Amino acid sequence: MKTKEYYAVLVPLIHLILTGSKEIAIEDDRIKLSEGYFFSTEEYTKGKQSKYFYQCIHFFLESVSQEEKADIIKILIENDTLLLAAMMTDQLASKKPINLNQDSKAVFNKMMFDFLCGNNIDPIIHRVIYFYLENLHRLEFTEPYISKTEYERVLKFNAQVRSNEDILNMFV
């Protein structure tokens, strides 16, 4: 896996999910995790998607700059497997009939244009980022802290392009 600079845009979101703040404080080589993070791990163990993660993602996306939006779009495009999964699960969740004549490239381009212009943040964008950061549910921690080493491992893992094999291994 290769680290790419524009994945750094996700670091404040990772901080927000883990600590409830876009910045972290390292105390005695460990970082205090938020209550929201613990609630989200409980939801995850019950087979549910984390409402807390989605709230953090929404708050984060509402506050990013134009340059950061461009970086997020690069991440979305580069992780096309997650993008496809997000589009499919969104379609299933909506229970709308599937339109086989729909131009998916046009739909994607409109979604990205609306995101860049600040008109709308499509739920698919939230879902792709959720899927990308879903590995945060499986951290090694001693309640209520995560070690600095584990934190650094998480940042490194979430700052890389992932192959289809890497994505599948996340769920094993």
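Now for a description of the structure that goes with this document. Remember, it's a predicted structure, so these values are computed and weren't measured experimentally. (Residues numbered from 1 in each chain as written. Predicted model: local features only at pLDDT ≥ 70, side-chain atom pairs only at ≥ 80, totals over all residues. Heavy atoms only, no water.)

1. Some thoughts on unusual backbone geometry
What you tend to see is this: most non-glycine residues have negative phi, and most peptide bonds are trans.
For step 1, the next point in the chain: With omega at 0°, the peptide bond leading from Glu143 into Pro144 counts as cis.
For step 2, the next point in the chain: Checked against the element boundaries, Pro144 lands in the loop between strand 3 (141–142) and strand 4 (145–147).
For step 3, the next point in the chain: Positioned with a positive phi, Asp28 is a non-glycine residue whose angle comes to about 55°.
For step 4, the next point in the chain: Relative to the assigned elements, Asp28 resides in the loop between strand 1 (26–27) and strand 2 (30–32).
For step 5, the next point in the chain: We note that Asp29 has phi near 60°; this positive angle belongs to a residue other than glycine.
For step 6, the next point in the chain: For Asp29, the location among the structural elements is in the loop between strand 1 and strand 2. (Helix = DSSP H or I, 4+ residues; strand = E, 2+ residues; numbered from the N terminus.)

2. Regarding the side chain of Thr19
For step 1, the next point in the chain: Structurally, the position occupied by Thr19 is in helix 1 (residues 11–19).
For step 2, the next point in the chain: A distance of 2.7 Å separates a polar side-chain atom of Thr19 from the backbone oxygen of His15.
For step 3, the next point in the chain: A distance of 3.1 Å separates a polar atom in the side chain of Thr19 from the backbone oxygen of Ser21.
For step 4, the next point in the chain: Dropping the residues within four chain positions of it, Thr19 is found in contact with Ile24, Ile31, Lys32 and Ser34. (Polar contact = N/O pair within 3.5 Å; in protein donor to acceptor, adjacent residues only side chain to side chain. Contact = heavy atoms within 4.5 Å.)

3. Details of the nonpolar core
For step 1, the next point in the chain: If you look at the biggest cluster of nonpolar residues, it comprises 46 residues, and the most contacted ones within it are Leu13, Ile17, Tyr37, Leu61, Ile72 and Ile125.
For step 2, the next point in the chain: Looking at this core, the elements that each hand over two or more residues are helix 1, helix 2 (35–45), helix 3 (51–62), helix 4 (66–78), helix 5 (80–94), helix 6 (104–117), helix 7 (123–133) and helix 8 (148–157).
For step 3, the next point in the chain: Per-element tally for this core: the top contributor is helix 7, with eight residues.
For step 4, the next point in the chain: Residues contacting Leu13, with those up to four places away along its chain left out, are Cys56, Ile57, Phe60, Ile129 and Leu133. (Core = buried A, V, L, I, M, F, W, Y, C linked by side-chain atoms within 4.5 Å. Buried < 20%, exposed > 50% of the residue type's maximum accessible area, 1.4 Å probe, protein only.)

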